[in-house]
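A look at the structure
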Amino acid sequence: MSAMRIDAKVVMLGKESVGKTSLVERYVHHRFLVGPYQNTIGAAFVAKSISVGDKVITLGIWDTAGSERYEAMSRIYYRGARAAIVCYDLTDNSSFQRARFWVKELQTFEEHCKIYLCGTKNDLVEGDRSARQVDYHDVQDFVEEIGAQHFETSSKTGNNVDALFTKVAEDFSNSAFELLSAEEKGVNLDQKKNSYLYSCCHH
Amino acid sequence: MAADVHSKGVTWDTPNGNLAPVEHLPNSRSESPTPGLVEGTEPGASQERAMFAHTQSFEDLTADVELTGSHHSEVEEVEEEQQGGLEGGVEGGVEGEGGGGEDAAVVEPKPEVQAVVREKEEDVTSETWRSHKKHVFVLSEAGKPIYTRYGSEEALSSTMGVMMALVSFVEADKNVILSIHADGFRVVFLRKSPLVLVCVSRSGQSDGELWRELHYVYYQILSLLTLPQLQRVFQQRQSFDLRRLLSGSERVTAGLLRLLEMDAGLMLNATMSLPLCSTTRNVVCTSLQAASSKNLVFSVLLAGSRLVALIRKKEQHLHHTDLHLLSNLAASSSSFRQGEGWTPVCLPKFNASGFFHAHISYLEQASDLCLILVSTDREDFFNLSDCKQRFLDRLKKRNVYQALQEALHTPTYPVSQVGIPELWHFVYKSKSSGLYTSPELPVPYRTEEEQERLMELYRYLHSRLHHPTRPLRSIYRCTNTENLLGWSTSGFELYLCFSPLATKALAMSAVTKLLKWIRKEEDRLFILNSLTY
Ligand SMILES: Nc1nc2c(ncn2[C@@H]2O[C@H](COP(=O)(O)OP(=O)(O)OP(=O)(O)O)[C@@H](O)[C@H]2O)c(=O)[nH]1
Ligand SMILES: [Mg+2]
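Residues numbered from 1 in each chain as written. Chains lettered and ligands numbered in written order. Predicted model: local features only at pLDDT ≥ 70, side-chain atom pairs only at ≥ 80, totals over all residues. Heavy atoms only, no water.

**As for the packing of aromatic side chains**
Here is the rule we go by: The pairing test for Phe, Tyr and Trp rings, Trp by its six-membered ring, is centres within 6.5 Å, and the orientation test on the planes gives stacked under 30 degrees, edge-to-face over 60, and tilted for anything in between. A helix here means a DSSP run of H or I that spans at least four residues, while a strand means a run of E at least two residues long, and both kinds are numbered starting from the N terminus. Buried residues are those whose accessible area, probed at 1.4 Å on protein chains only, stays under 20% of the maximum for their type, while exposed residues exceed 50% and partly exposed ones sit between those limits. Note on geometry: a ring has a charge over it if NZ (lysine) or CZ (arginine) is within 6 Å of the ring centre and within 35 degrees of the ring normal.
In total, this model carries 23 aromatic pairs over all chains according to the counting rule given. Centroid distance Trp 424 of chain B to Tyr 445 of chain B: 6.2 Å. Interplanar angle 65°. Geometry classified as edge-to-face. Of the two residues, Trp 424 of chain B sits in strand β14 (residues 423-430) while Tyr 445 of chain B sits in the loop between β15 (435-437) and α15 (448-465), which places them 21 residues apart along the sequence. The class of Trp 424 of chain B is partly exposed, set by a relative accessible area of 23%. The buried category is assigned to Tyr 445 of chain B, whose relative accessible area is 1%. Members of the aromatic cluster, connected to one another through ring pairs, are Phe 45, Trp 62 and Tyr 77 of chain A together with Trp 342, Phe 381 and Phe 382 of chain B. Over the ring of Phe 142 of chain A we find Arg 100 of chain A, and its NZ or CZ is 4.5 Å from the ring centre. In this structure, Arg 337 of chain B is placed above the aromatic ring of Tyr 362 of chain B, and the distance from its NZ or CZ to the ring centre is 3.9 Å.

**Some thoughts on a negative patch on the surface**
Residues and elements named next belong to chain A. Under the convention used in this document: Excluding any residue in a salt bridge, patches collect residues exceeding 30% relative accessible area, merging like charges within 9 Å and nonpolar Val, Leu, Ile, Met, Phe, Trp and Tyr side chains within 5 Å. The protein chains shown are the only cover counted for residues, whose accessible areas, like all others here, come from Shrake-Rupley with a 1.4 Å probe. Within this document, salt bridges are pairs made up of a side-chain nitrogen of Lys or Arg and a carboxyl oxygen of Asp or Glu, the two lying within 4 Å of each other. Think of it this way: Lys and Arg go in the positive column, Asp and Glu in the negative one, and His and the chain ends go nowhere. A single reference atom marks each charge: NZ on Lys, CZ on Arg, CG on Asp, CD on Glu.
The grouping of Asp 135, Asp 138, Asp 141, Glu 144 and Glu 145 at the surface amounts to a negative patch. Relative to the assigned elements, Glu 145 resides in helix α5 (residues 136-146). Residue Glu 145 is classed as exposed on the basis of its relative accessible area of 66%.

**Considering the coordination of the magnesium ion (ligand 2)**
Condition: Keep in mind that water is not among the atoms, so a site may look incomplete; donors are the N, O and S atoms within 2.8 Å of the metal, or 3.2 Å for Na, K and Ca.
Those protein atoms acting as donors to the magnesium ion (ligand 2) are Thr 21 of chain A (OG1) and Thr 40 of chain A (OG1), and they sit at 1.9 to 2.0 Å. Pair noted here: Thr 21 of chain A is in helix α1 (residues 20-29) and Thr 40 of chain A is in the loop between β2 (32-33) and β3 (43-52), with a separation of 19 residues, a long-range link.

**Notes on helix α3 (residues 93-109) of chain A**
All names here are of chain A. As a reminder of what qualifies: In a helix, the anticipated span is given by 1.5 Å times the number of residues less one. By definition, the arc is the one covered by directions from the helix axis to the C-beta atoms. Contacts: residue pairs with any heavy atoms within 4.5 Å of one another.
Here α3 is 17 residues long and its end C-alpha atoms lie 25 Å apart, about the 24 Å a rise of 1.5 Å per residue gives. Inspection of α3 places Ser 95, Phe 96, Arg 98, Ala 99, Trp 102, Val 103, Glu 105 and Leu 106 among the buried residues, and these make up the whole buried set. Down the axis, α3 shows its buried residues gathered within 165° of arc, on one side only. Seen from the buried face of α3, the exposed residues on the opposite side, beyond 90 degrees, are Lys 104 and Thr 108. Taken together, the buried residues of α3 touch β1 (8-14), α2 (74-78), β5 (83-89), β6 (114-120) and α5.

**Quick word on the site of ligand 1**
Residue and element names in this part refer to chain A. Put simply, the test is: We define proximity as follows: a residue is near a molecule or strand when any one of its heavy atoms falls within 4 Å of that partner. Under the rule applied, a polar contact is a pair of N or O atoms within 3.5 Å (in protein, one hydrogen donor and one hydrogen acceptor; residues adjacent in sequence only if both atoms are side-chain atoms).
Around ligand 1, a shell composed of 21 residues is seen, among which Thr 21, Ser 22, Gly 66, Asp 123 and Ser 155 lie nearest. Between an oxygen atom of ligand 1 and a main-chain N or O atom of Gly 19, the distance comes to 2.9 Å. A distance of 2.8 Å separates an oxygen atom of ligand 1 from a polar side-chain atom of Thr 40. Protein contact buries 90% of the 650 Å² of open area that ligand 1 shows by itself. Elements with a contribution of two residues or more to the shell around ligand 1: α1, β2 and α4 (122-127).

**Quick word on the UniProt feature "domain: FUZ/MON1/HPS1 third Longin" (unreviewed entry) in chain B**
Rules: UniProt positions are given in the numbering used here, feature names are shortened, and annotations may be inferred rather than shown by experiment.
Taking the numbering used here, the UniProt-annotated feature "domain: FUZ/MON1/HPS1 third Longin" (unreviewed entry) corresponds to residues 422-522 of chain B. Between the C-alpha atoms that bound residues 422-522 of chain B there is a distance of 22 Å. The span itself is 37% helix and 30% strand.

**Points about the confidence of the model for chain A**
To keep things clear, this is the line we draw: In predicted models, pLDDT denotes the confidence assigned by the predictor to each residue on a 0 to 100 scale.
On average, residues of chain A score 86 in pLDDT, and 84% of them reach the 70 mark or higher. Confidence drops under a pLDDT of 50 for residues 182-203 of chain A, and excluding neighbours within four residues, the segment shows 24 contacts in the predicted structure.

**What about helix α8 (residues 250-262) of chain B?**
For α8 of chain B, built from 13 residues, the straight-helix expectation of 18 Å at 1.5 Å per residue is met to within 8% by its first-to-last C-alpha distance of 18 Å. The set of residues buried in α8 of chain B consists of Arg 251, Val 252, Thr 253, Ala 254, Leu 256, Leu 257, Leu 260, Glu 261 and Met 262 of chain B.

**Observations regarding the sheet that holds strand β5 (residues 179-182) of chain B**
All names here are of chain B. This is how the line gets drawn: Strand pairing is assigned whenever DSSP detects at least two bridges linking the two strands. For helices, the fitted axis covers only the stretch in contact; all axes are lines through C-alpha atoms, and the angles between them, taken along N-to-C directions, range from 0 to 180 degrees.
Ordered in space as β4-β3-β7-β6-β5, the 5 strands form an open sheet in which the pairing is antiparallel. Of all strands in the sheet, those bounded by a partner on one side alone are β4 (145-148) and β5. Within the sheet, the average angular offset between the axes of one strand and its neighbour, ignoring direction, is 15°. When strand β3 (residues 134-140) meets strand β7 (residues 195-201), the two strands line up antiparallel, connected through 7 bridges. Bridge assignment links Lys 134 to a residue of β7, and that residue is Ser 201. In this fold helix α4 (residues 157-172) packs onto β3, β4, β5, β6 (185-192) and β7, with an angle of close to 70° to the strand it touches most, β3.

**Here's the deal with the pairing of β4 of chain B**
All names here are of chain B. Sheet analysis places β3 next to β4, joined by 3 bridges and oriented antiparallel. Bridge pairing in β4 places Val 138 opposite Tyr 147. Here β3 folds back onto β4, and the loop between the two strands holds 4 residues, one of which, Gly 143, carries a positive phi near 85°.

**Observations concerning the nonpolar core**
Filter applied, for reference: As used in this record, nonpolar core signifies buried Ala, Val, Leu, Ile, Met, Phe, Trp, Tyr and Cys residues forming a set joined through side-chain atoms within 4.5 Å.
The biggest cluster of nonpolar side chains holds 61 residues, and the ones touching the most others in it are Trp 62 and Leu 117 of chain A together with Leu 301, Val 308, Leu 363, Leu 369 and Phe 391 of chain B. In terms of residue count, helix α13 (residues 381-397) of chain B provides more of this core than any other element does, 7 residues in total. Other than its neighbours up to four places away in sequence, Val 308 of chain B contacts Leu 274, Leu 276, Arg 281, Val 284, Leu 301, Leu 302, Ala 303, Leu 369, Leu 404 and Ile 527 of chain B. Judged by nonpolar contacts, the second largest core, of 55 residues, contains Leu 310, Leu 323, Leu 326 and Val 345 of chain B.

**Quick notes on the side chain of His 135 of chain B**
Residues and elements named next belong to chain B. Mapped onto the elements, His 135 comes out in strand β3. Note on His 135: relative accessible area 5%, which makes it buried. Dropping the residues within four chain positions of it, His 135 is found in contact with Trp 129, Arg 130, Tyr 150, Val 198, Cys 199 and Val 200.

Next comes the structure, spelled out in structure tokens:
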């Protein structure tokens, strides 16, 4: 698995326990672990291939831990990322404040990284509207202002999860094409070794 | 606890002529009927250099605790008691809950995971909370709660405040509070500025044992933060809430406390190796050695908590404590099963002031073989990922992957292989290799409570053999349910558990027989060569 070439680096960011790992588990392994959650330690990397049109794109997904302990380390996970899925829990307003922090961080340090704001645990607010603490339209306004994408997902039911990652891959596929023609001359051999830092799609 | 130990002061004359120390050439692995009692020649001793940092067992961990007396006294005595074993506390069984998941893709968590959550949700005013056998608390010097094993930290802030007041009160007198012994209880304090660690125990363990456990908890915290970072946050603000930085590590600490109760390795400061035929082991070791990378310091292959192979950088030694912390970390989060883990980790015994970066993954999704690659470079992930792939490819190419998988089905062996009917169980540590071996637990010890009780008995023997002022060479102890023998030489430590029908004479002759058997099987039971990149 790990020997495969990664086309696009995708990073999952967000407060502890918002559901980053569950999202990746659902997308990659089609399952959902119920009950008490197990915090991610550091970060977990997983590669997943996806077809977009007639191309196959391999996403290298970095599922980071939300604990503040790893904050100083976070740059190594998002540096060179082409997409960041910034998660917040629809039932926890403070997690949205944390998402804003990550957006700012990305805007400052990774201007080429596309941002996907993802409200998680949609199943919890669907049955019980009063559980919702983050308003859809407020986020939508924010997302338009910063030029990001907006999704609401449930890893429990699987709702919208594939759509999110498919959109990430499609956007990458489209932009990689532009990038490739623009940067064709810039590829050198040293880059191979560090390709994960500035992962680009060299076909 | 001390009250129900009756020393009858029986002296143990040369128990068996055969077992007197013999002159051995270094590295002689003779088939002599008297296996070496000298360090470096005992069964299981590593052939060349030691694999681990060389330390005495638990003295090392308690060295910085002020204890008077010499460790070198050559007391040889036997102690016999007739009593109903150590007092066992009331421990509720873990009921597995079977909730129905509506969807096939919904996976139920393991019962241990649920247990940790239940423990943290306990009401601190309840009888259940009070009746736990061992509490562990960590607080800051400002008296702020940092960790409690049971219940929530918030609920215990006044209790911890009182603990800090006690510590300060004694310190104001230029004194240090070490422990308080009350009726059936022991309260042991470990002062590691900027932290204070406290253990409240009804387990009958000695102060030394409890300090050792608190040290482990302390090192656990350092492994997540490093010492300089820990000191810095409290220098900046004395009232800092360290839980912010430790959040998400509760399961790691809970796992460690569990290991301290169940795993002899943490007591012995040794690691159990996975029994493996020596040709397979050699291929595994050389393949791991070949899968190197510039900044790799240690490569560790584990099967559960058992060591399969360890390769290290020249001149660098991994300490047992650090290895136990690493292996516990890997076992504590399912995130390492999800993909390849990449995390900063401090190995406090190696160097408490900086982070290494560990690549932690399972060889295959459903496999129990966990590979931990420790590097000095935080940018090394893809290099290490590549090392892992090379290692796996080579194992498969040389057809040992299957053999390794099969060895996992029999990660242990029945004690009957030794051929001593009265022998129920044993733990043998080779001091020079820092590895130990132990057969599977026999029927009477299959339940968790019984297993814990046996460990308690071993811990008792261990604490007598390692007593800070009056260490024993050997100890024989009878309870209603089993007879036990503990024995320490400069080469090995041995703990045996016999049926209550066994006699002391039989126990003594069993030792010789067992040592011979271990010598014969040492290729399989131990890792005899320690490779470097
Ligand atoms: N009902 C519901 N619960 C969810 C959903 N996603 C995650 N959870 C629960 O939320 C908790 C946290 O999920 P994780 O995916 O482990 O959270 P995380 O963001 O990876 O947390 P860290 O690794 O600590 O940063 C778990 O108990 C999950 O079962 C969801 O879509 N619906
Ligand atoms: Mg996670």
